Amino acid sequence: MRTAYSPDQIRTAESALMAGLPAGTLMQRAAAGLAVVCARLLTGAHGRVYGSRVTVLTGSGDNGGDALYAGARLARRGARVVAVLAGSRTHEAGLAALRAAGGRTVAFTEEESLGLVGDADLVLDGLVGIGGGGALREPYATLAKATADTPALVVAVDVPSGVDSGTGCVEGPAVKAHVTVTFGAYKTALFVDPGATRAGMVELVDIGLRPHLPEPEVVAPADGDVAALLPRPSAESDKYRRGVVGIVAGSDTYTGAAVLSAGGAVRAGAGMVRFASSAEPVRLVRARWPEVVTTILDTTSEVSLDAIGRVQAWVVGPGMGTGPEAHALARAVLAADVPVLVDADGLSVVAADRALLRRKAPTLITPHAGELSRLLGVPRERIEARRLEHVRRAADELGVTVLLKGSTTLIAETGRPVRAITTGTPWLATGGTGDVLSGIAGAFLAGGLSGYDAASCAAHVHGLAARVAARGGVPGSGEAPIAALDVADALPEALRTL
Ligand SMILES: NC(=O)C1=CN([C@@H]2O[C@H](COP(=O)(O)OP(=O)(O)OC[C@H]3O[C@@H](n4cnc5c(N)ncnc54)[C@H](O)[C@@H]3O)[C@@H](O)[C@H]2O)[C@@H](O)CC1
Ligand SMILES: Nc1ncnc2c1ncn2[C@@H]1O[C@H](COP(=O)(O)OP(=O)(O)O)[C@@H](O)[C@H]1O
Ligand SMILES: [K+]
C-alpha cells in the first residue's frame, strides 16, 4: 500500500526527524536523490549528463533550495545549469552551492526565462512545494504555463508547483511534469486528480521520514494488496458459497447497461449471476451471457424480489431509468438485508429520495462527478476541482461507502483513509465502462468483501483490464481505443497478473 500525507503531517514528521540530525541533512538527502533521478533521465534521453542543458526554476523557499542543490550536483557532472531566480528571495546556501559548481543564475525576465525553459533538455520545477498556497502568483504562473510547451523533460521537485499538495486542487496555471521526485513520503496531491495527472510518474526519495509518519490520509493499493484481498475459490467452494450477485439493471430503452453490468460480474468471478429486468434486456443478457440466470420482472404489480432467488449482494441502477417503476425497484432492492451497490440511474433515484440509503446492511454507491453533484447538491465543476473533499463529505453525509469515478478513482468510508486507484487509462473514458465496473464490484461484494474492499479491488482490476484491452494483449505494442465490453472480456487476463 503506498501511503500519502498532508503537508501538516509531513512537517510534523520532518521536525521530529530533524531534531536528531545536523541542520541541512534532510535537504542534502532530498537533493542527492533528486539529482540521481535527473541524471538517469538525462542519460536515458541523451546518453549523458555532461553537456546537457538544465534550467532550474527557483522559488523563494526550501523547494527552491532542493532544486538549487540538485542543480549543483548536475553541474559538477558537466551539465550546463542555469537557475532562473523567480522569488523575492532565494535559498542562499543552495545558490552558493550552484555557483561554486559552475552553474549560472539569471533574474527573471520573461523573454530570457521562457527561452531557457524552451531550450533546455531538462527543466527542474523548484518554484513551490508543500509551502505553496492558492493560485501561483507571477512570475511563477508564467513559468508554470511554459512547462506545458517545452520539449524538455519536466521534473517537479516534491510536488508540481501550482498543485495544492494537501488536496490535489489546481486553482490556476500549474506545472505539468513528466516526473515528480517527492521526498520522505507521498503527498496527498500525488494520488488525487487534478493534481495527480500533473505529477506524471512519481519517484519517492527516502530521507528517513518513515518512522515518524502518522496514519496516512490517502492510500493507493498496489497489485499485491489487491491480490491478497480478492475472493478465490477453494476445494470446498460451490457456486452458492462463492457468492451469488443479483443485478437489477436495464430497461426497454437502455439495454446495453444490463449486458455490460452482467458481463463485469460474470468475468470478475461471481459464483452465480442472477439478472432481473424487463423482457428486452433479459433477452439480450441471455444471448450474450448464457451463464446468467434471468427473471423477467412484472413492474405493473407490486415489486417483489422473491421470484429472483437468494443473493449475497445486489447491484441496482445501470440503465434502469428514473421513473416511478425504477423508484419502486430501487426501493425493493434497498430494503434487502444484504449489501447493495447503487450506480447510474439508481443514483438519480436515491438523489430524489435520500431516505432510501438509510438501511442496516452495507451500501456502496459508485457515482461519477455528475451523479455525485445531484446527490450532494453541489455543482459538478466544484466536485471535479475538489474531489477528495467531496468524496469524504458524501461518505459522511450519506453514511455509505462512496466510489467516485474519474481519471483517478477515490473510495471513501467514514473513519478509513481514502483509497486512490490509479491503474486506469484515459481509454476508459468511453460509454458503458462504468456499467462493467458495477458488475465487478457486485461480484466482489457477493464474494464476501466489504464495500470498501470490493470497491477498491473492482476499480483496480477494472483499470488493469482496460490497459490489457487497450494493448490488445500484445506486450510492447501500442494502444488502441477500447469498447466497454472489451474491458469485461479482458478481466480474466488482468486477474491472472495479480
Ligand atoms: N522541511 C524539511 O525538512 C524538508 C523540506 N524540503 C523541501 O522544502 C519544501 C517546503 O519548503 P518551504 O516550507 O520553504 O515552502 P516552499 O518552498 O514550498 O514554498 C514557500 C514559498 O513559496 C511562496 N509561495 C507560496 N505559495 C505561493 C504562490 N501561490 N505563488 C507564489 N509563491 C508562493 C511563499 O511565499 C514562500 O516563499 C518541500 O516541498 C521540500 O521541497 C526538503 O528539502 C526535504 C526536507
Ligand atoms: N480520463 C480517464 N482516465 C482513466 N479512467 C477514466 C477516465 N475517464 C473515465 N474513467 C473511468 O471510466 C469509467 C467511466 O464510468 P462512467 O462515467 O460511469 O461511464 P458510463 O456511465 O458510460 O458507464 C469509470 O470507471 C472512470 O473511473
Ligand atoms: K515544485
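Residues numbered from 1 in each chain as written. Chains lettered and ligands numbered in written order. Predicted model: local features only at pLDDT ≥ 70, side-chain atom pairs only at ≥ 80, totals over all residues. Heavy atoms only, no water.

Taking an unreviewed UniProt entry as the reference, the protein is identified by name as Bifunctional NAD(P)H-hydrate repair enzyme belonging to Planotetraspora silvatica. UniProt's Subunit (unreviewed entry) comment on the protein is quoted here verbatim: "Homotetramer." (UniProt positions renumbered as here; feature names shortened; annotations may be inferred.)

S.K.: Describe the site of ligand 2, naming the residues involved and giving the relevant values.
M.R.: Around ligand 2 sit 16 residues in total, of which Lys 405, Gly 406, Gly 432, Thr 433 and Gly 434 are the nearest. Here Thr 409 contributes a side-chain N or O atom positioned 3.4 Å from an oxygen atom of ligand 2. Gly 434 places a polar main-chain atom, nitrogen or oxygen, 2.7 Å from an oxygen atom of ligand 2. Here ligand 2 has 570 Å² of accessible area as a free molecule, and 78% of this is covered by the chains. Here ligand 2 occupies the largest pocket. By residue number, the principal contributor to the shell around ligand 2 is helix H17 (residues 433-446), which donates four residues. Considering only residue class, the shell around ligand 2 consists of four nonpolar, ten polar and two charged. (Near = heavy atom within 4 Å. Polar contact = N/O pair within 3.5 Å; in protein donor to acceptor, adjacent residues only side chain to side chain. Areas by Shrake-Rupley, 256 points an atom, 1.4 Å probe, with all protein chains shown as cover. 1 Å grid on protein atoms, 1.4 Å probe; cavity = no way out; pocket = protein on both sides within 12 Å on 5 of 7 lines; lining within 4 Å. Sits in = over half its atoms within 2 Å of the grid points. Helix = DSSP H or I, 4+ residues; strand = E, 2+ residues; numbered from the N terminus. Nonpolar A, V, L, I, M, F, W, Y, C, P; charged D, E, K, R; others polar.)

S.K.: Could you give me a rundown of the pattern of salt bridges, with the residues and numbers involved?
M.R.: Considering all chains together, one arrives at 16 salt bridges under this definition. Residue Asp 238 pairs with Arg 241 through a salt bridge whose shortest N-O separation is 3.5 Å. A residue is classified by how much of its surface remains accessible, and Arg 241, at 64% relative accessible area, is exposed. When the shortest N-O distance is used, the salt bridge between Glu 280 and Arg 283 registers 2.9 Å. (Salt bridge = Lys/Arg side-chain N within 4 Å of Asp/Glu carboxyl O. Buried < 20%, exposed > 50% of the residue type's maximum accessible area, 1.4 Å probe, protein only.)

S.K.: Give me the lowdown on the environment of Ala 470, citing residues and values where you can.
M.R.: Looking at where Ala 470 falls in the secondary structure, it is placed in helix H18 (residues 451-471). Classification of Ala 470 as buried rests on a relative accessible area of 3%. Sequence-wise, Ala 470 and Ala 35 are 435 residues apart; in three dimensions their C-alpha atoms are separated by 35 Å.

S.K.: Tell me about the domain arrangement of the protein, and name the residues and values.
M.R.: For the protein, the assigned domains are domain 1 (2-218) and domain 2 (223-496). Counting residues at the interface gives 14 residues for domain 1 and 13 residues for domain 2. Here domain 1 meets domain 2 over a buried area of about 1,000 Å², counting both sides, of which 53% is carbon and sulfur. Counting the contacts that link domain 1 with domain 2 gives one salt bridge. Between Arg 392 and Glu 217 there is a salt bridge; the shortest N-O distance is 3.8 Å. Applying the counting criterion to the domain 1 and domain 2 interface returns four residue pairs in polar contact (both at pLDDT 80 or more). Partitioned by chemical class, the residues of the side of domain 1 that touches domain 2 number seven nonpolar, four polar and three charged. (Domains from an automatic or database assignment. Contact = heavy atoms within 4.5 Å. Buried area = accessible area lost by both parts, 1.4 Å probe.)

S.K.: Give a detailed account of the site of ligand 1, specifying residues and quantitative values.
M.R.: Taken together, 24 residues surround ligand 1, and among them Glu 14, Ser 60, Asp 66, Gly 129 and Asp 158 come closest. Between ligand 1 and the protein, one listed contact pairs an oxygen atom with a side-chain N or O atom of Asn 63 at 2.9 Å. One of the backbone N or O atoms of Ala 135 is found 2.9 Å from a nitrogen atom in ligand 1. Under a 2 Å grid-point criterion requiring more than half of the atoms, the pocket assigned to ligand 1 is the second largest pocket. At the level of secondary structure, the elements contributing two or more residues to the shell around ligand 1 comprise helix H1 (7-18), helix H2 (25-46) and helix H3 (62-76). Here the shell around ligand 1 is built from residues that sort into nine nonpolar, eight polar and seven charged.

S.K.: Could you give an account of unusual backbone geometry, with specific residues and numbers?
M.R.: Omega for the bond connecting Glu 138 with Pro 139 falls within 30 degrees of zero, at 5°, which places this linkage in the cis form. Among the secondary structure elements, Pro 139 is positioned in the loop between strand E5 (122-126) and helix H6 (140-146). Notably, Asp 158 is not glycine yet its phi reads approximately 70°, a positive angle. As for its placement among the helices and strands, Asp 158 is situated in the loop between strand E6 (153-157) and strand E7 (179-183).

S.K.: Requested: an account of empty space enclosed by the protein, with residues and values cited.
M.R.: Summed over the entire model, instances satisfying the criterion amount to one cavity of 30 Å³ or more. When its volume is computed, the largest cavity comes out at roughly 30 Å³. When grouped by side-chain class, the residues that make up the lining of the largest cavity number two nonpolar, two polar and two charged. (Points joined across faces, edges and corners; volume = space filled by probe spheres on them.)

S.K.: Give a description of H17 that names residues and reports values.
M.R.: Taking 1.5 Å as the rise per residue, H17 with 14 residues should run 20 Å; its terminal C-alpha atoms sit 20 Å apart, in good agreement. Positive phi appears at Gly 448, one or two residues downstream of H17, with a value of about 105°. (Expected span 1.5 Å × (residues − 1).)

S.K.: Residues and numbers for helix H19 (residues 484-496), please.
M.R.: Since the α-helix turns once every 3.6 residues, residues separated by three or four places project in the same direction. At Ala 490, H19 shows its maximal kink, close to 45°; a proline, Pro 492, follows between one and four residues later. When H19 is considered as a whole, its buried residues turn out to be Ala 484, Val 487, Ala 488, Ala 490, Leu 491, Ala 494 and Leu 495. Lining the buried residues of H19 we find helix H10 (256-268), H17 and H18. (Bend = angle between axes of the 7 residues up to and from the residue.)

S.K.: Please set out the nonpolar core residue by residue, giving values where relevant.
M.R.: Among the nonpolar cores identified, the biggest contains 59 residues, and Ile 247 and Phe 444 are the most heavily contacted of them. For this core, the element with the highest residue contribution is H18, accounting for 13 residues. (Core = buried A, V, L, I, M, F, W, Y, C linked by side-chain atoms within 4.5 Å.)

S.K.: Provide a residue-level description of the sheet that holds strand E9 (residues 201-205), including the pertinent values.
M.R.: Across the sheet, which stays open at both edges, the seven strands sit in the order E4-E3-E2-E5-E6-E7-E9 with parallel pairing between neighbours. With one partner strand each, in any of the chains shown, strand E4 (104-107) and E9 form the two edges of the open sheet. Averaged over all neighbouring strand pairs, the angle between strand axes comes to 20°, with direction disregarded. Sheet analysis places E6 next to E7, joined by three bridges and oriented parallel. Across the sheet, residue Ala 156 finds its bridge partner in E7, namely Thr 180. (Pairing = 2+ DSSP bridges. Axes fitted to C-alpha atoms, helices over the stretch in contact; angles between N-to-C directions.)

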